[in-house]
Amino acid sequence: MTDTHDQIAGLLLAAGGGRRLGGRPKALLTHRGRPLVEHAVGVLRAGGCGPVHVVLGARAEEVRERAELGGCVVVENPDWAEGMGSSLRVGLASLAGTGARAALVSLVDQPGIGGAAVTRVLHGYRDGNSLVSAAYDGMRGHPVLFGSAHWAGIAASATGDRGARAYLGAHEEAITLVECGDVAEPYDIDTEADLGHLE
């Protein structure tokens, strides 16, 4: 990796309470013998991100106790119940002043997306104005890379569970899509039926 890529931070959103999973936080679901949040951090590192920031919320103390998050910057979102938008705001705020040039954002509940997709999106970075998104059969998905020039605008528009969707919709022409459908599966772990995807 180049020095530039060392300045791209991984930002993992892992604060949700798993409402449709009977109140089991997704960060604590077991995948390959370890908490899902730990797996997701490993994916960001394997993909080439420099620092990794993790946003926790529901049962944050238990997540800290059970998951090995050494070397990560762990921040807590006290307003996690408001939805993903609040976690994105907290995560981007945690990157301010760190020297990071971009944030590569991933979600804790997408274990089908591995390091190969992270690497592809990361290599789409050009400068602080970059907007890069993984695509699956041409449809935008995660992970998504936000150059630092976009952070303030994204934070201002991130509400509820929409995250950066409104901002990206308004800047569609500026987004570089990177096809990842051959190396990743973008399913979410949202319901009891989805737990079958965990290993």
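Residues numbered from 1 in each chain as written. Predicted model: local features only at pLDDT ≥ 70, side-chain atom pairs only at ≥ 80, totals over all residues. Heavy atoms only, no water.

### Concerning the overall build of the chain
Here's step 1: In terms of helices and strands, the chain carries seven helices and nine strands.
Here's step 2: Across its three principal directions, the C-alpha atoms of the chain cover 40 × 35 × 30 Å.
Here's step 3: Once local pairs closer than 6 in sequence are excluded, the contacts in the chain between residues at least 24 apart make up 70%.
Here's step 4: Counting every atom, the chain has about 8,700 Å² of accessible surface; 49% of that belongs to carbon and sulfur.
Here's step 5: The chain carries 17 positive and 24 negative side-chain charges, and their two centres are separated by 2 Å. (Helix = DSSP H or I, 4+ residues; strand = E, 2+ residues; numbered from the N terminus. Contact = heavy atoms within 4.5 Å. Areas by Shrake-Rupley, 256 points an atom, 1.4 Å probe, with all protein chains shown as cover. Lys, Arg positive; Asp, Glu negative; His and termini not counted. Charge placed at Lys NZ, Arg CZ, Asp CG, Glu CD.)

### Considering the pairing of strand S5 (residues 73–76)
Here's step 1: Direction of pairing for strand S4 (residues 52–56) relative to S5: parallel, over a ladder of four bridges. Of the residues in S5, the one forming a bridge with histidine 53 is valine 73.
Here's step 2: Assessed by its sense of winding, the connection that carries the chain from S4 through helix H3 (residues 60–66) to S5 is right-handed. (Pairing = 2+ DSSP bridges. Right-handed = clockwise from strand over helix to strand, strands pointing away.)

### So, empty space enclosed by the protein
Here's step 1: In total, this model carries one cavity of 30 Å³ or more according to the counting rule given.
Here's step 2: Quantified by volume, the largest cavity comes out at close to 100 Å³.
Here's step 3: Taken together, the elements giving at least two residues each to the lining of the largest cavity come down to helix H2 (36–46) and strand S6 (102–107).
Here's step 4: Considering each element in turn, the lining of the largest cavity owes the most residues, three residues, to H2.
Here's step 5: Looking at the lining of the largest cavity residue by residue, the class counts come to seven nonpolar, four polar and no charged. (1 Å grid on protein atoms, 1.4 Å probe; cavity = no way out; pocket = protein on both sides within 12 Å on 5 of 7 lines; lining within 4 Å. Points joined across faces, edges and corners; volume = space filled by probe spheres on them. Nonpolar A, V, L, I, M, F, W, Y, C, P; charged D, E, K, R; others polar.)

### What to know about the environment of leucine 69
Here's step 1: Mapped onto the secondary structure, leucine 69 falls in the loop between H3 and S5.
Here's step 2: For leucine 69, a relative accessible area of 10% puts it in the buried group. (Buried < 20%, exposed > 50% of the residue type's maximum accessible area, 1.4 Å probe, protein only.)

### A closer look at the sheet that holds strand S8 (residues 139–147)
Here's step 1: Ordered by their spatial adjacency, seven strands build an open sheet running S5-S4-S1-S6-S8-S7-S9, and the pairing between neighbours is mixed. Each end of this open sheet is capped by a strand with a single partner; those strands are S5 and strand S9 (175–179). On average, each strand axis in the sheet is tilted by 25 degrees relative to the strand beside it, whichever way the strands run.
Here's step 2: Contacting strand S1 (8–14), S4, S5, S6 and S8, helix H4 (residues 84–95) crosses the sheet at an angle of about 150 degrees to S1.
Here's step 3: Its contacts with the sheet put helix H5 (residues 115–122) on S1, S6, strand S7 (131–136), S8 and S9, and the angle it makes with S8 is roughly 55 degrees. (Axes fitted to C-alpha atoms, helices over the stretch in contact; angles between N-to-C directions.)

### Points about the layout of surface pockets
Here's step 1: Estimates place the volume of the largest pocket at around 980 Å³.
Here's step 2: Forming the walls of the largest pocket are 33 residues, and the residues nearest its centre are Lys26, Met84, Leu107, Asp109 and Asp161.
Here's step 3: Among the elements that make up the lining of the largest pocket, the one with the highest residue count is S8 (five residues).
Here's step 4: Taken together, the residues of the lining of the largest pocket break down into 14 nonpolar, eight polar and eleven charged.

### With respect to the pairing of S4
One face of the sheet, then the other: side chains in a regular strand alternate in exactly this way.
Here's step 1: Burial within S4 is extensive, with five of its five residues counted as buried.
Here's step 2: Residues Val52, Val54 and Leu56 line one face of S4 and the alternating positions His53 and Val55 line the opposite face, and both faces are buried.
Here's step 3: As judged from the five bridges shared by S1 and S4, these two strands associate in the parallel manner. Within S4, the position partnered with leucine 11 by the bridge is histidine 53.

### Considerations on the nonpolar core
Here's step 1: Formed by 42 residues in total, the largest nonpolar core has its most connected members in Leu12, Val37, Val54, Leu56 and Leu104.
Here's step 2: If you list the elements that add at least two residues to this core, you get S1, H2, S4, H3, S6, H5 and S7.
Here's step 3: The element best represented in this core is H2, accounting for six residues.
Here's step 4: Leave out the neighbours within four places in its chain, and valine 54 touches Leu12, Ala14, Val37, Val41, Cys72, Val73, Val74 and Val75.
Here's step 5: Leu11, Ala100, Ile154 and Ala158 belong to the second-largest nonpolar core, a separate cluster that totals 23 residues. (Core = buried A, V, L, I, M, F, W, Y, C linked by side-chain atoms within 4.5 Å.)

Keep in mind these numbers describe shape, not what the thing actually does.
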